[in-house]
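# Residue-level structural notes
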Amino acid sequence: MPRSLLQAVLLVDGYNIIGAWPCLKKTRDSVGLEAARGELVEAMTGYSAFQGYATQIVFDAQYQNCSSNKEIITELLSVYYTDFGQTADTYIEKSCASFRQQIAQCLISRVIVATSDRAQQLMIQGYGAEWLSAQQLCGEVEATVCRMRQKYHTRKQSKSRFLANAIDAKARQRLAELRMGLQ
């Protein structure tokens, strides 16, 4: 669905988040970095869709001799691997500078950067971006998962064959009063 004004752009410092979230750190240490990246992408997919944020997870390719690569996961989520020699921090800082112009032109409403890197926090705030710590993002993702479950959770079917057993006690009482003519 096309939007004239995107609610927000969320830039996620991928390896910083993996190192800060206990569940992702455990996966990284026991299964490997690829699995931890996959779990982060999965968590951010639902979060981005529910919040309506255009999210970009940025991973360093600083020590790998390869060119940048962008994977589009969903309409709202993409994963970016930086160029050789480029850090996720520099990519995010450059993005904040370019998004600053888009905010001025009213193309996007806000830019949020998720990282626990203190130096990067100060830099991105200088560009007018909002900062979200890794722990805050983790809490927001978990809260969003709970809200999604509540919103989309279908009521369990009553095990009884009677409709009256599927409604709450107060409604059952009111129906009984109506049936007996006690208004």
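Basis of the calculations
- Residues numbered from 1 in each chain as written.
- Predicted model: local features only at pLDDT ≥ 70, side-chain atom pairs only at ≥ 80, totals over all residues.
- Heavy atoms only, no water.
- Phe/Tyr/Trp six-rings, centres within 6.5 Å; stacked < 30°, edge-to-face > 60°.
- Helix = DSSP H or I, 4+ residues; strand = E, 2+ residues; numbered from the N terminus.
- Buried < 20%, exposed > 50% of the residue type's maximum accessible area, 1.4 Å probe, protein only.
- Lys NZ or Arg CZ within 6 Å of the ring centre and 35° of its normal.
- Polar contact = N/O pair within 3.5 Å; in protein donor to acceptor, adjacent residues only side chain to side chain.
- Pairing = 2+ DSSP bridges.
- pLDDT = per-residue confidence, 0-100.

It is worth spelling out the packing of aromatic side chains at this point. Taken as a whole and assessed by the stated rule, the structure comprises 4 aromatic pairs. Seen in terms of ring centroids, Tyr-15 and Phe-59 are 4.8 Å apart; in terms of plane orientation they differ by 55°. Their pairing is tilted. Taken together, the positions of Tyr-15 in helix α1 (residues 14–20) and Phe-59 in strand β2 (residues 53–59) put the pair 44 residues apart, joining distant regions of the chain. A ring pair is formed by Tyr-47 and Tyr-53, whose centres lie 5.9 Å apart and whose planes are at 75°; its orientation type is edge-to-face. Considered together, Tyr-47 and Tyr-53 belong to a single accessibility category, that of buried residues. Grouping aromatic residues by their ring pairs yields a cluster made of Tyr-15, Phe-59 and Tyr-81. Looking at Arg-37, its charged tip hangs above the ring of Phe-59, at a distance of 5.9 Å from the centre.

With respect to the helices and strands, Thr-82 occurs in the loop between β4 (77–81) and α4 (88–104). Here Gln-86 takes part through its backbone oxygen, which lies 2.7 Å from a polar atom of the side chain of Thr-82.

Let us look at the pairing of strand β3 (residues 69–72). Sheet topology places β3 next to β4; 4 bridges connect them, and they run antiparallel. The residue bridging Lys-70 from the neighbouring strand is Tyr-80, located in β4. Between β3 and the antiparallel strand that follows it, β4, lie 4 residues.

Right, let's get into the confidence of the model for the protein chain. This prediction gives the protein chain a mean pLDDT of 83; 85% of its residues lie at or above 70. Model confidence for the protein chain, summarised as mean pLDDT per element, is weakest for helix α7 (residues 169–180) at 80 and strongest for β2 at 94.

Before going further, it helps to examine the environment of Ala-143. Secondary-structure assignment places Ala-143 in helix α6 (residues 134–152). Along the chain, Ala-143 and Tyr-47 lie 96 residues apart, while their C-alpha atoms are 9.4 Å from each other.

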